[in-house]
Structure formats: structure tokens, C-alpha cells
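Listed here are the chains, written in short residue letters.
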Amino acid sequence: MASFRTLVQARDFTSIPFDLAHFRDTQESIQTGPDVSVPVIDFSLLSSTNPDERAKVILDLGKACEEWGFFLVVNHGIPENLISALFNVCNEFFDMPEEDKLQFDNKNPLYSVTVRSGTTGGNDNEQFGGNDPNQQVKLWRDYLRFFVHPEYHCPTKPKEMSDIVLEYSRRTRDLARKLLRGISQSLGLEEDYIEKAMELDSGTQLFAANYYPPCPQPDLAIGIPPHTDPGLLTFLLQNGVEGLEIQNKGKWVRLTGIPGAIFVNTADQLEIISNGKYKSVCHRAVLNNKKTRISLVVGNGPSPDTIAA
Ligand SMILES: O=C(O)CCC(=O)C(=O)O
Ligand SMILES: [Fe+2]
């Protein structure tokens, strides 16, 4: 199907088509604020020369993984201009004519560059609903997704994309490794336990850009239904528009970002390696009727050859 971007621009939707209706649970979500707020981790303290500061941030990291499974990382050292270049180039990608985008679309999930629109929760996207016939609705989003490690792939258009994503993937790999060292220690393990066990030198890294146009009936459709992420740690940036909700103590909590900070969540393999201490938390992307939301996601996982012992 044509991209949502094109559909939404071409048609003045006032209500959503039937096959896009998603009956999500009616529980209201609560907003983070002074009372409920996702933990903030100051990444620079992980390399502090002051042992007390280091010990404190490792403790905080462990607590964040255990109590929330989601946290914000500040002072991560990834340049602001790299992040804005990344948003710009992804926006440019979604802006390209349909035929240019579709040349990267391939129905084989193993293919390294995938472009999709309105993907259903059915067979073609098992992560989001598997084969459940009740979940056969299209999702209100376009997305682009490709593996950037151990082998690097990237669409050839826009032409600046490859260099920008390559640089971002290098930087986030380094960030993942250092956070995982802190997380290893927070579990009482050797600093390099996780990176060795998961063979991070040949770890899997997936880059995804999600594009959610405004939706006239945001409560009746969904960007991404509830799911957990595969891998160890997922990084997420958003374009200043909220929509990420997570399950915390039985409630849906809408996360508010901090400009420049990166959302990090513990994913399935980290839950396994921590013997269930750090949960891979269920989350979803909800819509709004005013602004396009873009999220840029990097999934960091073990080497494809790693067999969890
Ligand atoms: O767009 C979002 O906020 C959520 C994205 C997400 O959960 C994913 O791509 O796995
Ligand atoms: Fe996710």
C-alpha cells in the first residue's frame, strides 16, 4: 500500500477506515510528571574517576532496570548535530516519491532493508501480534528498518543517509557497550561479563525509523501495539512529540522526554541474562491528531551466533 504519509496528505480523513481500527484497552494512561517520572542516568558518571560517583550511578542504573526497565540517558556524548542530521535525513527518506521508497521494500523479513506502511499485526510482522486474528489491523505508521551490524546496510537514497546512520550506529554501539558494563556490575558480575557472553564484537544492531502521521481518531488506531523488544538494550529518540507508553506497576505511563536525552529500555535477552531481575517491559506507540511523530530506534542485541547458556 502507499505510504501513510502520502495517504494522509492526499485525503482529508475525518474518521479512520475500518481496517485501521484497533481496539486497545480502555485503561487511561497516566502522564509522567513530578510524581511519576522515568529515571534519568547521567552517562558521564560511568567514566568518573571518583569511585563513589561511579558506584552511585551503577546502583542507579540497576535500580532503573529493575523498577522501570526504561530510563533516560543524559550526557551521552552523541553530538546534537549528528542527532538532528539523523532526523533530517530520515524525514527526507519518508518525503521521497513512493517509487523511490518502494525500491527498498522487500517482503522477506530477512532482507536487510525493509520499508513498510500500515503493517498488520499478522504474519508479516510477528513481533507485533503474531498470528492472532484479532490483531489483524493495520498500524498507523510507515517505517524503515535495516541491520547496521555486524554487516552494515543502508538505503542508497538520500545519499547522505549512509554516512549519518553509520556514525550514529558506531556511537550507539559504544554507548550500549558501556551501559552494559555498568549493568553487568549492577548485577554483581564482572564488568565485561555481558559483552563477552553476548559476543558484542559481532553483536546485532538494527536501525528503525517510525513515522506516525497525525490521526483523526487517535484512540481508535495504534502506531505500534504492546510488545517487548528483542535484544539487550533499545535506544529511542523522538522528534519532541510524545507517544511512547510503557507498562509500569499495572498502568500505562506516557513518557515525557528531555531534549537531547535518549530513552533506553532493557530488552528480552537482558531479562534472560539477568535471570528475570531486569524485565523486558511492555510498551506501545500511541497516536495524536495534531502532529507527525517520528521515533528513531536502535536495537542492540547479541551476536547472531550466541547461544544463551
Ligand atoms: O515509536 C515509539 O515510541 C515506539 C517504537 C518501538 O517500540 C519499536 O520500534 O520497537
Ligand atoms: Fe519497541
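Throughout this description, residue numbers start from 1 for each chain and increase along the sequence as written. Chains carry letters from A onward and ligands carry numbers from 1 onward, assigned in written order. Owing to the predicted nature of the model, reporting of local features is limited to residues with pLDDT of at least 70; listing and counting of side-chain atom pairs is limited to 80 or more, with chain, interface and lining totals taken over all residues.

## Here's the deal with the confidence of the model for the protein chain
Which entries qualify depends on this criterion: pLDDT expresses, on a scale from 0 to 100, how confident the predictor is about each individual residue. Each residue is represented by a C-beta atom placed from its backbone, and any two residues with such atoms within 7 Å are regarded as in contact.
Scored by pLDDT, the protein chain has a mean of 87; 85% of the residues are at 70 or more. Taken together, the stretch residues 122-131 has pLDDT below 50 and engages in 14 contacts with residues farther than four places along the chain or on a different chain. Overall fold confidence (pTM) sits at 0.91, and the ipTM for the predicted complex is 0.99.

## What about the UniProt feature "domain: Fe2OG dioxygenase" (unreviewed entry) in the protein chain?
Note the threshold: UniProt positions are given in the numbering used here, feature names are shortened, and annotations may be inferred rather than shown by experiment. Helix and strand definitions follow DSSP, with helices as H or I runs of at least four residues and strands as E runs of at least two, each counted in order from the N terminus.
With numbering matched to this structure, UniProt assigns "domain: Fe2OG dioxygenase" (unreviewed entry) to residues 202-302. Each end of residues 202-302 is marked by a C-alpha atom, and these two atoms are 8 Å apart; helix forms 6% of the span and strand 45%.

## Quick look at the sheet that holds strand E8 (residues 233-238)
Selection rule: The rule for pairing is simple: two strands pair if DSSP sees at least two bridges between them. Axis geometry follows a simple rule: fit a line to the C-alpha atoms, using only the stretch in contact for helices, then measure angles between N-to-C directions, giving values from 0 to 180 degrees.
The 8 strands are arranged E2-E3-E11-E8-E13-E6-E5-E4 in an open sheet whose pairing can be described as mixed. Strands at the two margins of the open sheet, each flanked by one partner only, are strand E2 (40-42) and strand E4 (113-117). Pairs of neighbouring strands in the sheet enclose a mean axial angle of 25 degrees, with direction left out of account. Note: E2 against strand E3 (residues 70-74), 3 bridges, orientation parallel. Along E3, the bridge assignment pairs Val40 with Leu72. Packing against the sheet, helix H2 (residues 51-67) makes contact with E2, E3 and strand E11 (262-266), and its axis sits at approximately 150 degrees to E2.

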